[in-house]
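Summary of structural features
The primary structure of each chain is shown beneath.
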Amino acid sequence: MNGFGRDGGRVVSGSGRDAVGLADVEQTPRLRSPDVGRSAVATRAEAAPLADVAPRVRPPGHPVVALTIAGSDPSGGAGIQADLKTFAALGGYGCAVLTGLTAQSTTGVTRVHPVPADMVSAQLDTLFADVAVDTIKIGMTTDAAIARTVAAALRDLRAAGRTPFVVLDPVMVATSGDRLLAPDAEAVLRDELLPLADLVTPNLPEAAVLLGVEPARDGREAADQARALRALGVGYALVKGGHLDSAESVDHLAGPGVGGVCGGGNGGTGAGRDNGDSGGGNRVGGVGTTGNGAVGDDLGEVSPGGDGVVALAAPRVPTRNTHGTGCTLSSACAVLRPAHDGWEPAVRAAKDYLTGALQAADSLVIGGTGTTSGRWQGHGPVDHAHATRRT
Ligand SMILES: Nc1ncnc2c1ncn2[C@@H]1O[C@H](COP(=O)(O)OP(=O)(O)OP(=O)(O)O)[C@@H](O)[C@H]1O
Ligand SMILES: Cc1ncc(COP(=O)(O)O)c(N)n1
């Protein structure tokens, strides 16, 4: 059940009692019994003047409102924590809907616990009923039921006339090699979420799973797979090359208009649009990039569908702090897109930001300092705040 707008935007749990015993209680503040859950916050809200009768309009220059739908990484390098840091570093306002908890550090994942799908649905419905999000990044969806729930919520949002940008990072396996997605969710990502996304950002193994082929072994195969992903219904595909053993870290972006190639009729998203209206009712201010100068080679190839493919190369940074690079890149793409005129410039700016965060990463010493003794063999985080740190 996934009812954006149903029940007047109120959420009633459909699955019995939750851990704190409130699931069967309708939690709309105005209807709540005066004797239930009374707090200083509720009292202040009741005493406030009726400021909510006028339509609320965001002023020019308002930050991009970016939502991440992803899992938690307690070590703060990946998942929802990385996404929110990235949004903030690039001037956005971050919202977060949790799909799963992981017990995780820089050395690996010891446990994954899915959030019940109806609770994911409740988070999305409650948020969308109140907050216009400009752009969405989807990360770890944990299992098939959650992936389906997210897809249903996006469809409901569109049916309500909202068309935020959507970036899908099809997270399957962590850097540490631990599985983060139930195998039966892979088909849901491919069949339901991919066609709803404007941009998909798989690494090489993830692209191979989505396409049902072997992982690309070089740039040419990666470019071919980026184009092939477009045929699955996504607007743009960025096949990341971090796993290739090359002097530069090269990603391949395919889509209409990429590399100066004039796109054909398929401007190419599940939403039937590729630009402009963020759907959130505002335009954007306050985003910037670090200018680390990722370069791009236009591969100069046009597929029958009018797609261009461009290779985006950045110097490979010699660091162990690569945990969360994929989360960081996809979040940067999402939050930067509203301020850019198309996906290619947004992706270039996002890669610039990530390269800067990688170059500054060794200033962070996060793993190997805890209670476990012995040689540290983890992967630490990138430095999301590298451009703005004041402490
Ligand atoms: N050492 C590095 N130096 C520069 N760029 C890198 C490096 N490692 C990864 N990248 C870049 O980071 C981004 C993520 O790449 P990768 O292919 O590793 O994705 P991923 O496996 O999803 O990431 P992760 O699992 O680490 O979050 C890409 O833009 C890639 O080019
Ligand atoms: C909650 C969560 N989401 C995503 C990743 C992928 O990041 P990485 O591949 O760098 O481990 C992760 N490790 N944890």
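Under an unreviewed UniProt entry, the protein chain has the name Hydroxymethylpyrimidine/phosphomethylpyrimidine kinase and belongs to Promicromonospora sukumoe. Listed under Pathway (unreviewed entry) in UniProt, the entry text for the protein chain is "Cofactor biosynthesis; thiamine diphosphate biosynthesis; 4-amino-2-methyl-5-diphosphomethylpyrimidine from 5-amino-1-(5-phospho-D-ribosyl)imidazole: step 3/3." Looking at the protein chain in UniProt, the text filed under Function (unreviewed entry) is "Catalyzes the phosphorylation of hydroxymethylpyrimidine phosphate (HMP-P) to HMP-PP, and of HMP to HMP-P."

Focus: the site of ligand 1
Residues in contact with ligand 1 amount to 19 residues; listed here are only the nearest, K240, H243, S249, D251 and G326. N203 places a polar side-chain atom, nitrogen or oxygen, 2.8 Å from an oxygen atom of ligand 1. Side-chain polar atom of H243 to an oxygen atom of ligand 1: 2.7 Å apart, as the coordinates give it. If ligand 1 stood free it would expose 620 Å²; the protein chains cover 92% of that surface. Here ligand 1 occupies the second largest pocket. Those elements giving two or more residues to the shell around ligand 1 turn out to be β8 (248-256), α8 (325-336) and α9 (343-359). If you tally residues by element for the shell around ligand 1, the top one is α8, at 4 residues.

Re the site of ligand 2
Close to ligand 2 lie 14 residues, the nearest being Q104, T175, L180, H323 and G324. In this structure, a nitrogen atom belonging to ligand 2 sits 2.7 Å away from a side-chain N or O atom of Q104. Here ligand 2 has 360 Å² of accessible area as a free molecule, and 92% of this is covered by the chains. More than half of the atoms belonging to ligand 2 lie within 2 Å of the grid points that define the second largest pocket. For the shell around ligand 2, the per-class residue count stands at 7 nonpolar, 7 polar and no charged.

Focus: the pattern of salt bridges
In the structure shown here, the tally under the stated rule is 11 salt bridges. Notably, a salt bridge pairs E192 with R155, separated by 3.2 Å at the nearest N-O pair. Taken as a pair, E192 in helix α5 (residues 185-193) and R155 in helix α4 (residues 144-159) lie far apart in primary sequence, 37 residues in all. Between D251 and K351 there is a salt bridge, with the nearest N and O atoms lying 3.0 Å from each other. Within this pair, whereas D251 is found in strand β8, its partner K351 is found in helix α9, the two being separated by 100 residues in sequence.

Overview of unusual backbone geometry
A positive phi angle is found at T142, which is not glycine, with a value near 75 degrees. Mapped onto the elements, T142 comes out in the loop between β4 (135-138) and α4. With relative accessibility at 6%, the residue T142 sits in the buried group.

About the criteria used
- Residues numbered from 1 in each chain as written.
- Chains lettered and ligands numbered in written order.
- Predicted model: local features only at pLDDT ≥ 70, side-chain atom pairs only at ≥ 80, totals over all residues.
- Heavy atoms only, no water.
- UniProt positions renumbered as here; feature names shortened; annotations may be inferred.
- Near = heavy atom within 4 Å.
- Polar contact = N/O pair within 3.5 Å; in protein donor to acceptor, adjacent residues only side chain to side chain.
- Areas by Shrake-Rupley, 256 points an atom, 1.4 Å probe, with all protein chains shown as cover.
- 1 Å grid on protein atoms, 1.4 Å probe; cavity = no way out; pocket = protein on both sides within 12 Å on 5 of 7 lines; lining within 4 Å.
- Sits in = over half its atoms within 2 Å of the grid points.
- Helix = DSSP H or I, 4+ residues; strand = E, 2+ residues; numbered from the N terminus.
- Nonpolar A, V, L, I, M, F, W, Y, C, P; charged D, E, K, R; others polar.
- Salt bridge = Lys/Arg side-chain N within 4 Å of Asp/Glu carboxyl O.
- Buried < 20%, exposed > 50% of the residue type's maximum accessible area, 1.4 Å probe, protein only.

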